[in-house]
Amino acid sequence: MITAEWKPIEEMVGYLRGHKKVLVIGCATCVAECAAGGEREVETLAPLLAMAMQNDGNPIEVKSATLERQCEPEFLEAISEAAADADAIVSVACGIGMQLVAEHYADTPLYPGVNTTSLSIREEPGLWTSRCAACGDCVLGLTFGLCPVARCAKSLQNGPCGGTRTDGMCEINQDTPCIWRLIVERATARGRLEDLTKVRPPKDWSNSPAGGPKRMLREDLRS
Amino acid sequence: MSLHAGTKLEKVLAAGQFALTTEVGPPRGPDVDEVLKKADILKGVADAYNVTDNQTAVVRMSSIAGSKILLDAGLEPVAQMTCRDRNRIAMQSDLLGAAALGLKNILAISGDHQGAGASGKLKGHPGAKGVYDVDSIQLINIIKNMRDEGVQAGGDTLTSKPEFFIGAAWTPLGPPIEFRVLRLAKKVAAGADFIQTQAVYDIKAFAEQMAKAVDMGLTEKTAILPGLIVPRSAGMLNYMNKNVPGVVVPQELIDRMKQASDPQAEGVKVTLELIEQVRELPGVKGVHLQAIEAEELLPEIINQAGLSPRPEV
């Protein structure tokens with residue numbers, strides 16, 4: 001899922017000064033799964049924002065709604081009246097949903113209530129960890145199903161750096177396993193360690209965000 | 001055997017002499033005098049001097065500029081290049097620049113992650129965007145292809161072939177331990193002519209890894225220089241053992257330093273013993289010796305180890 005995290009309330013307050021009627025909108029998909037922008041979080045954030053604006057000396061009226069999906073145009077109609085009535089929108093969906101709302105209700109300023117952070121899984125209750133970096137050149141077939149692009153701090157392609165801690169964790173975070181240690185363990189368990197001894201050439205990043213904004217065109221679906 | 005670059009380090013190794021390298025960290029300012037001061041202390045101590053590349057993500061004079069200052073002062077540099085701060089375009093451009101300035105020993109490393117970064121009073125740049133376009137093994141191979149084939153990573157040709165003696169790092173005792181020799185083999189296959197290792201204190205464990213490297217024939221293709229850092233106190237060894245990945249310090253050694261009445265003298269003694277021990281291991285072709293913030297100890301250590309004067313080649 002796409003994960004997101006609340007921005008600091010002070011940052012949102014900074015955006016909302018001068019506004020009077022604010023609509024806070026959530027999304028019931030990814031950001032609900034990661035407990036940042038679902039209905040529960042929207043209903044928690046709305047009164048918090050109202051209180052923070054009151055304390056800031058800039059009281060606002062806050063309304064809230066949670067869309068089934070904020071990244072599909074057909075679901076945005078559900079808030080058309082509330083959006084027309086608001087003079088600002090705070091979205092706690094991912095950056096994709098936010099931009100669709102900003103486009104759809106282009107006359108109303110939209111502010112982010114969250115930072116979109118990763119493509120992760122919920123590993124345990126209350127713990128999300130990266131799985132994908134959308135690099136556009138998937139190597140999982142070479143790395144025993146464990147991604148070194150998203151899960152190695154240096155996106156190394158040829159094995160672990162010297163920063164693996166004694167306990168097998170990454171030097172930049174003692175709670176994050178060295179993914180290359182896990183890749184080596186899985187390769188060993190399959191009797192395929194040899195597969196990891198081939199030198200992998202430099203990666204082609206041109207299909208990743210480094211290659212410029214993505215434009216995926218499928219002619220077969222356009223007729 | 002024809003030489004790749006004809007650097008002093010390469011010649012010493014080719015002549016079968018026990019090589020010695022050490023390290024010079026560039027200053028956090030444009031201070032030529034600071035580099036020359038260190039050069040003055042260390043001149044004649046080693047065959048070549050590694051110049052670090054913004055270690056721990058704290059900005060320092062560039063490795064290439066520091067290397068050129070050393071070269072002009074009569075010390076042969078090993079310019080370090082990390083994959084953290086530059087993409088393949090900037091790296092190759094800097095490599096051509098280094099070659100143009102006469103800097104031919106290059107050590108290709110991944111580099112400390114900007115988030116692991118600085119310690120103590122220094123802040124580093126934890127908010128920087130790390131590049132890591134290529135990894136150290138890919139960089140080694142890029143350098144080799146520039147040198148041997150005269151081609152850039154993108155396939156375009158170079159107008160002439162730069163000469164390089166290519167170095168790489170090895171952490172022989174880091175987990176996953178079973179992969180460390182295989183990773184060394186990848187570095188050798190990619191083109192590493194010499195290897196400097198992470199600091200070694202556990203000679204028994206290091207000897208086991210070296211034996212595997214010898215068995216795989218790697219020591220025929222590359223010159224391995226184990227890293228040795230002069231211990232200065234039990235606290236320092238304890239710190240490295242706990243906090244520096246890949247550094248394993250046997251408890252006896254920590255205890256020995258703790259009991260020493262003169263830890264500095266004991267540290268020198270320990271270093272001399274370590275030099276002797278690694279020197280006896282098959283496949284070891286020299287040492288990469290460091291005395292962190294105590295460079296003035298090195299001339300005496302090298303004398304006592306019988307490694308002075310350095311060979312003329």
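Above this note sits the structure.
Please read these numbers as outputs of a predicted model, since none were measured by experiment.

The rules we used
- Residues numbered from 1 in each chain as written.
- Chains lettered and ligands numbered in written order.
- Predicted model: local features only at pLDDT ≥ 70, side-chain atom pairs only at ≥ 80, totals over all residues.
- Helix = DSSP H or I, 4+ residues; strand = E, 2+ residues; numbered from the N terminus.
- Rg over C-alpha atoms; globule rule 2.2 N^0.38 Å.
- Buried ≥ 20, exposed ≤ 12 C-beta atoms within 10 Å, placed from the backbone.
- Contact = placed C-beta atoms within 7 Å.
- Pairing = 2+ DSSP bridges.
- Nonpolar A, V, L, I, M, F, W, Y, C, P; charged D, E, K, R; others polar.
- Expected span 1.5 Å × (residues − 1).
- Arc of directions from axis to C-beta.
- Axes fitted to C-alpha atoms, helices over the stretch in contact; angles between N-to-C directions.
- Core = buried A, V, L, I, M, F, W, Y, C linked by C-beta atoms within 7 Å.

Visitor: Would you explain the overall build of chain B in this entry?
Guide: When helices and strands are counted, chain B shows 12 helices and 8 strands. Computed over C-alpha atoms, the radius of gyration of chain B comes to 19 Å, within 12% of the 20 Å expected from 2.2 N^0.38 for 313 residues, which places it in the range of a compact globule. In terms of principal-axis extent, the alpha carbons of chain B reach across some 60 × 45 × 40 Å. For chain B, with 313 residues in total, the buried portion stands at 51%. Considering only residue pairs separated by 6 or more positions, chain B has 78% of its internal contacts joining residues 24 or more positions apart.

Visitor: Hey, could you run me through the overall build of chain A in this one?
Guide: Secondary structure summary: chain A contains 8 helices and 9 strands in total. Computed over C-alpha atoms, the radius of gyration of chain A comes to 22 Å, more than 25% over the 17 Å expected from 2.2 N^0.38 for 223 residues, which places it beyond the range of a compact globule. Dimensions of chain A, computed from C-alpha atoms along their principal axes, come out at roughly 65 × 50 × 25 Å. The proportion of buried residues among the 223 residues of chain A is 37%. Partitioning the contacts of chain A with sequence separation of at least 6, the portion at a separation of at least 24 is 56%.

Visitor: In this structure, what is going on with the environment of Ile166 of chain B? I would like to understand it.
Guide: All names here are of chain B. Secondary-structure assignment places Ile166 in strand 5 (residues 165-170). What makes Ile166 buried here is the crowd of 25 C-beta atoms within 10 Å. Separated by 133 residues in the primary sequence, Ile166 and Pro299 place their C-alpha atoms 26 Å from one another. Once residues within four sequence positions are removed from consideration, Ile166 is found in contact with Ile106, Ala108, Ile140, Ile143, Lys144, Gly191, Ala192 and Asp193.

Visitor: Which parts of the structure should I look at to understand the pairing of strand 6 (residues 114-124) of chain A?
Guide: Looking along a regular strand, one sees side chains alternate from face to face of the sheet. All names here are of chain A. Relative to strand 6, strand 1 (residues 2-6) is paired through 5 bridges, and the arrangement is antiparallel. Looking at the pairing, Thr3 lines up with Ser118 of strand 6. Pairing between strand 6 and strand 7 (residues 127-132): 5 bridges, direction antiparallel. Of the residues in strand 7, the one forming a bridge with Arg122 is Trp128.

Visitor: What am I meant to see in the interface of chain A and chain B here?
Guide: Reports of interface size often rely on the accessible area that becomes lost once the parts have come together. Taken together, the contact pairs 27 residues of chain A with 30 residues of chain B. A class-by-class count of the residues in the side of chain A that touches chain B yields 11 nonpolar, 11 polar and 5 charged.

Visitor: Just checking my understanding: could you explain helix 3 (residues 39-55) of chain A for this structure?
Guide: Side chains three or four residues apart in an α-helix point the same way, a direct result of the helix having 3.6 residues per turn. Residues and elements named next belong to chain A. Taking 1.5 Å per residue as the helical rise, helix 3 with its 17 residues ought to reach 24 Å, and the 25 Å between its terminal C-alpha atoms agrees with that figure. Three or more residues of helix 3 are buried, namely Glu41, Val42, Leu45, Ala46, Leu49 and Met53. Buried residues along helix 3 cover an arc of 135° about the axis, so they all sit on one side. The exposed residues of helix 3 that point more than 90 degrees off its buried face are Arg40, Pro47, Gln54 and Asn55. Elements that come into contact with the buried residues of helix 3 comprise helix 1 (9-16), strand 2 (21-27) and strand 3 (61-67). In the stretch just after helix 3, Gly57 is the one whose phi turns positive, near 85°.

Visitor: I tried to follow the sheet that holds strand 2 of chain A on my own but got confused; where do I start?
Guide: The strands making up a sheet associate through backbone hydrogen bonding, with each pair oriented either parallel or antiparallel. Residues and elements named next belong to chain A. Pairing within the open sheet is parallel, and its 4 strands lie in the order 3-2-4-5. Every interior strand has two partners, whereas the edge strands, strand 3 and strand 5 (110-112), have only one. On average, adjacent strands in this sheet sit at an angle of 25° to one another, irrespective of strand direction. The sheet contact formed by strand 2 and strand 3 spans 7 bridges and is parallel. When the bridges of strand 3 are listed, Lys21 appears paired with Glu61.

Visitor: Could you clarify how one ought to interpret the nonpolar core in this entry?
Guide: Here is a general trend for soluble globular proteins: nonpolar side chains tend to be buried in one another's company. The biggest cluster of nonpolar side chains holds 89 residues, and the ones touching the most others in it are Tyr49, Ile106, Ala108, Leu139, Ile140, Ile143 and Ile195 of chain B. Per-element accounting of this core gives the leading share, 6 residues, to helix 5 (residues 136-148) of chain B. Ile140 of chain B has contacts with Ala108, Ile166, Ala168, Lys187, Ala190, Gly191 and Ala192 of chain B, leaving out every residue within four places of it along the chain. One finds Cys30, Ala36, Ile79 and Trp128 of chain A within the second-largest nonpolar core, a separate group that totals 39 residues.

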